[in-house]
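Each chain, letter by letter, is given below.
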Amino acid sequence: MPGAMMRRAHREKLRLCDTLEQLADALPHVDRLQCLGVANSIVPLLRAIHRYEETVVFPAYEAALTLAESNLASISRLRAEHIEDECYADELTEALLTIGHGDRIENAEAVGFMLRGFFESMRRHIAFEREHILPRIGLSDS
């Protein structure tokens, strides 16, 4: 069941990344309703997934490490990335709500940069988990 949960979580996060990329590509002519939908879902989605990773996946990974590997800072880094992602998601939510409510996009390039920075970071995070964490605890996608 944890493997299925992680695959679903990764699919949901990647679907969010795809949506954010579509918005970035469409700037400044974005679907305002889509902006509102993403704005209302991004933080709750991330918090739920991060909570699961931190309470189920990360402890299983730490238990699977050898004594020599236990000094690796991977989990600390991933936990820090979760905090950064949630703070960044708060900022994105504000920007997307502003756009969704009809405000003019003052600087489409800056909004695009913000969107791309977020989804590219999320994709790297997922790639690391798929390559290093999940196979170690028997939850790989294969």
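## Observations regarding the overall build of the protein
Here's step 1: Per the secondary structure count, the protein includes four helices and zero strands.
Here's step 2: Mapped from its N terminus to its C terminus, the protein presents α and β elements in the order α-α-α-α.
Here's step 3: Each principal axis of the C-alpha atoms in the protein carries an extent, and together these give about 55 × 25 × 20 Å.
Here's step 4: The buried share of the protein, reckoned over its 142 residues, is 39%.
Here's step 5: Considering only intrachain contacts with a sequence separation of at least 6, the fraction spanning at least 24 residues in the protein is 81%.
Here's step 6: In the structure as shown, the protein presents an accessible area of about 7900 Å², 54% of it carried by carbon and sulfur atoms.

## Some details on the packing of aromatic side chains
Here's step 1: Inspection of every chain in the model, using the stated rule, returns one aromatic pair.
Here's step 2: Relative to F118, the ring of Y88 has its centre 5.5 Å away and its plane inclined at 75°; by these criteria the two rings are edge-to-face. Placement of Y88 in helix α3 (residues 74–100) and of F118 in helix α4 (residues 108–133) is noted, with a sequence separation of 30 residues between them.
Here's step 3: Look at Y88 and you get partly exposed, because its relative accessible area is 25%.
Here's step 4: Above the ring of F128, the side-chain terminus of R77 is found at 4.9 Å from the ring centroid.

## Let's talk about the state of the cysteines
Covalently bonding the sulfur atom of one cysteine to the sulfur atom of another cysteine gives a disulfide.
Here's step 1: Following the criterion strictly, the structure yields zero disulfides and no others.
Here's step 2: Of all cysteine sulfurs in the structure, the one in C35 sits closest to C17, which takes part in no disulfide; the separation is 16 Å.
Here's step 3: For C17, a relative accessible area of 0% gives the class buried.
Here's step 4: According to the relative accessible area criterion, C35 is buried, its value standing at 1%.

## Side note on α4
Here's step 1: For α4, which comprises 26 residues, the first-to-last C-alpha distance of 36 Å matches the rise-based estimate of 38 Å (1.5 Å per residue) to within 8%.
Here's step 2: Listing the buried residues of α4 in full gives V111, G112, M114, L115, F118, F119, M122, H125, I126, F128, E129 and I133.
Here's step 3: You can read the cap of α4 off the contacts: a side-chain oxygen lies 3.2 Å from the backbone nitrogen of E109, and it is on N107.

Thresholds applied
Residues numbered from 1 in each chain as written. Predicted model: local features only at pLDDT ≥ 70, side-chain atom pairs only at ≥ 80, totals over all residues. Heavy atoms only, no water. Helix = DSSP H or I, 4+ residues; strand = E, 2+ residues; numbered from the N terminus. Buried < 20%, exposed > 50% of the residue type's maximum accessible area, 1.4 Å probe, protein only. Contact = heavy atoms within 4.5 Å. Areas by Shrake-Rupley, 256 points an atom, 1.4 Å probe, with all protein chains shown as cover. Phe/Tyr/Trp six-rings, centres within 6.5 Å; stacked < 30°, edge-to-face > 60°. Lys NZ or Arg CZ within 6 Å of the ring centre and 35° of its normal. Disulfide = S-S within 2.5 Å. Expected span 1.5 Å × (residues − 1). Polar contact = N/O pair within 3.5 Å; in protein donor to acceptor, adjacent residues only side chain to side chain.

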